[in-house]
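Next come the chains, spelled out residue by residue.
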Amino acid sequence: MPVIETENVRKALAFWREGQRLDEVHGSYAFLSFYKVIESQFSDATKKAAWIAQSLDKLTDRAAKRVAELRGDGIDVSRHLYG
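Residues numbered from 1 in each chain as written. Predicted model: local features only at pLDDT ≥ 70, side-chain atom pairs only at ≥ 80, totals over all residues. Heavy atoms only, no water.

Notes on the overall build of the protein
No. 1: Regarding its fold elements, the protein presents five helices and zero strands.
No. 2: Listing every helix and strand of the protein by position from the N terminus yields α-α-α-α-α.
No. 3: For the protein, the spread of C-alpha atoms along the three principal axes comes to 45 × 30 × 20 Å.
No. 4: Taking all 83 residues of the protein together, the buried fraction comes to 19%.
No. 5: Once local pairs closer than 6 in sequence are excluded, the contacts in the protein between residues at least 24 apart make up 35%.
No. 6: Averaging the coordinates of the 13 positive side-chain charges in the protein and doing the same for the 12 negative ones gives two points 2 Å apart. (Helix = DSSP H or I, 4+ residues; strand = E, 2+ residues; numbered from the N terminus. Buried < 20%, exposed > 50% of the residue type's maximum accessible area, 1.4 Å probe, protein only. Contact = heavy atoms within 4.5 Å. Lys, Arg positive; Asp, Glu negative; His and termini not counted. Charge placed at Lys NZ, Arg CZ, Asp CG, Glu CD.)

Regarding helix 2 (residues 27-39)
No. 1: In a regular helix each residue adds 1.5 Å, so 13 residues correspond to 18 Å; helix 2 covers 18 Å between its end C-alpha atoms and thus fits that length.
No. 2: Buried within helix 2 are the following residues: Ala30, Ser33, Tyr35, Val37 and Ile38.
No. 3: On its buried face, helix 2 is in contact with helix 1 (7-22), helix 3 (45-55) and helix 5 (77-82). (Expected span 1.5 Å × (residues − 1).)

Re a nonpolar patch on the surface
No. 1: Together, Tyr29, Phe31 and Leu32 line one region of the surface with nonpolar side chains, adding up to about 310 Å² of accessible area.
No. 2: Mapped onto the secondary structure, Tyr29 falls in helix 2. (Patch = residues over 30% accessible without salt bridge, like charges linked within 9 Å, V, L, I, M, F, W, Y side chains within 5 Å. Areas by Shrake-Rupley, 256 points an atom, 1.4 Å probe, with all protein chains shown as cover. Salt bridge = Lys/Arg side-chain N within 4 Å of Asp/Glu carboxyl O.)

Quick look at the environment of His80
No. 1: Secondary-structure assignment places His80 in helix 5.
No. 2: As a C-alpha pair, His80 and Leu70 span 10 residues in sequence and 9.2 Å in three-dimensional space.
No. 3: The residues contacting His80, other than those within four sequence positions of it, are Leu70 and Ile75.

Spelled out as structure tokens, the structure:
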């Protein structure tokens, strides 16, 4: 197993693992854990918002379906997630 020496990567991995464990138990808390992965990687809010907007179309499965539903309702998903 590789040794992770970067603190923000270590935090992101911990949040990811937490989200994976919570995914089948409590979807809302799982989402918060996954969002913390993003939060832990960006200190600049503008860069974070831009990354979210660029990454939405790369989602698959449930996430892609939910993004399509929100867009169908006229919601700007990147603003919705960021807000």
